[in-house]
Structure formats: structure tokens, C-alpha cells
Amino acid sequence: MNRINKHLRSYRYALRGIYLAFRYENNMLFHLLAAIAVVTLNIILKIDKTDWLITLILIGLVITAEIFNTAIETLADRVTKEQDPLIAKTKDLASGAVLVICCFAAICAVIIYFPYFLALGF
């Protein structure tokens, strides 16, 4: 029973982490609004199952990358608030990872949505 309680407690901590990311990280609001826009567009365009899966995976990857970035920045700020070139590099790398997945998500969005817009006569 102790192992089950410990396992269930880990979900509470994970959900708290997600809550904290959305509550205190400004970029998460942008990602949330973008995710809502993508889901809405998917519904309006009646995209197929494969395109749904791709867009949902990309939404998950972007949000996950932003949560990791936030975690790294938070930990780095805890280590020191002073200028440190290695911490700056670490934070820049984490931020760069978010930018990379966002750029690839945008490219995928163009590839996915282009045929649907073309079919509508745009």
C-alpha cells in the first residue's frame, strides 16, 4: 500500500508542477492560447486523424519544452543570481530548445494546414 500511495503522491507533485508553470511562466499563456487556436482550427477544418495526432504531439512537445526550460531557469536562479557564463549558457540552451520545437511546430502547421486552406479556396 505504501508504494501505491507514493506513486499517487508523485502525480500530485507533477500536477503541481504543471500548475506552477501555467501560473507563473508568462510564455505558457502564449503556448496555451496557441494550443487553443490549433485545436479550434483543427475542429473548423475537420482535419484527419493523423493530422490531429501530429498537432497534439507538437502541442505536448512545446509545452513540455517550456516546462523543462522553466525548471532549468528556476534551478539556475537558485544556484546564483550573479552573472555566471555557464549558467547563462545553460539558460540560453534551454531557451533555444523551446525555440527549435516552436519553429518546427510552425513549419509542420504550414505543411498540415496548407492543403486544407487550398481546398477551401484560399
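Residues numbered from 1 in each chain as written. Predicted model: local features only at pLDDT ≥ 70, side-chain atom pairs only at ≥ 80, totals over all residues. Heavy atoms only, no water.

Enquirer: Hey, could you go over the overall build of the chain for me, with residue numbers and the actual values?
Expert: Across its full length, the chain holds 4 helices and 0 strands. Taken from N to C terminus, the helices and strands of the chain fall in the order α-α-α-α. Its C-alpha radius of gyration of 18 Å places the chain more than 25% over the 14 Å reference for a compact globule of 122 residues. Projected onto its principal axes, the C-alpha coordinates of the chain cover approximately 55 × 45 × 20 Å. Counting only residues that meet the buried cut, the chain has 22% of its 122 residues in that class. Of all intrachain contacts in the chain linking residues separated by at least 6 positions in sequence, the fraction that spans at least 24 positions is 69%. For the chain, the accessible area works out to roughly 9300 Å², and carbon and sulfur atoms hold 70% of it. (Helix = DSSP H or I, 4+ residues; strand = E, 2+ residues; numbered from the N terminus. Rg over C-alpha atoms; globule rule 2.2 N^0.38 Å. Buried < 20%, exposed > 50% of the residue type's maximum accessible area, 1.4 Å probe, protein only. Contact = heavy atoms within 4.5 Å. Areas by Shrake-Rupley, 256 points an atom, 1.4 Å probe, with all protein chains shown as cover.)

Enquirer: Break down the packing of aromatic side chains for me, citing the residues and quoting the values.
Expert: Scanning all chains against the criterion turns up 1 aromatic pair. Note on Tyr 113 and Phe 117: the rings are 6.4 Å apart at their centroids and 55° apart in plane angle, and the pair reads as tilted. In this pair, Tyr 113 and Phe 117 are both assigned in helix α4 (residues 85-119), 4 residues apart and thus about one turn of the helix distant. (Phe/Tyr/Trp six-rings, centres within 6.5 Å; stacked < 30°, edge-to-face > 60°.)

Enquirer: Report on the pattern of salt bridges, specifying residues and quantitative values.
Expert: For the structure on display, the rule yields 1 salt bridge. For the salt bridge of Asp 77 with Lys 91, the shortest nitrogen-to-oxygen distance reads 2.7 Å. Of this pair, Asp 77 sits in helix α3 (residues 49-79) while Lys 91 sits in helix α4; the two residues are 14 residues apart in sequence, bridging distant segments of the chain. With relative accessibility at 29%, the residue Asp 77 sits in the partly exposed group. (Salt bridge = Lys/Arg side-chain N within 4 Å of Asp/Glu carboxyl O.)

Enquirer: Please set out the packing of helix α2 (residues 26-45) against α4 residue by residue, giving values where relevant.
Expert: The contact between α2 and α4 brings their axes to 12 Å, and the two run at 15°. The orientation of α2 with respect to α4, classified from their angle, is roughly parallel. In terms of crossing hand, the pair formed by α2 and α4 is left-handed. The segment α2 lies against α4, with His 31, Val 38, Leu 41, Asn 42 and Leu 45 engaging Val 98, Cys 102, Tyr 113, Tyr 116 and Phe 117. In terms of residue class, the contact of α2 with α4 is built from 8 nonpolar, 2 polar and no charged. (Axes fitted to C-alpha atoms, helices over the stretch in contact; angles between N-to-C directions. Parallel < 35°, antiparallel > 145°, perpendicular 65-115°, else oblique. Left-handed = near helix turned anticlockwise from the far one by under 90°. Nonpolar A, V, L, I, M, F, W, Y, C, P; charged D, E, K, R; others polar.)

Enquirer: Can you explain the packing of α3 against α4? Please cite residues and give values.
Expert: Helix-helix packing is characterised by the crossing angle of the two axes and by the distance between the axes. Put simply, α3 and α4 touch, their axes get as near as 9 Å, and they point 165° apart. It follows that α3 is roughly antiparallel to α4 by the angle criterion. Of the two possible hands of crossing, α3 and α4 adopt the one that is left-handed. Broken down by class, the residue content of the contact of α3 with α4 amounts to 18 nonpolar, 4 polar and 5 charged.

Enquirer: Mind laying out α3, listing which residues take part and the relevant values?
Expert: For α3, with 31 residues, the first-to-last C-alpha span of 45 Å sits near the 45 Å given by 1.5 Å per residue. Along α3, the residues classified as buried are Asp 51, Thr 55, Leu 58, Ile 59, Val 62, Ile 63, Ala 65, Glu 66, Asn 69, Thr 70 and Ala 76. On the buried face of α3, the contacting elements are α1 (2-24), α2 and α4. If you check the start of α3, you find a side-chain oxygen 3.2 Å away from the backbone N of Thr 50, and it comes from Asp 48. (Expected span 1.5 Å × (residues − 1). Polar contact = N/O pair within 3.5 Å; in protein donor to acceptor, adjacent residues only side chain to side chain.)

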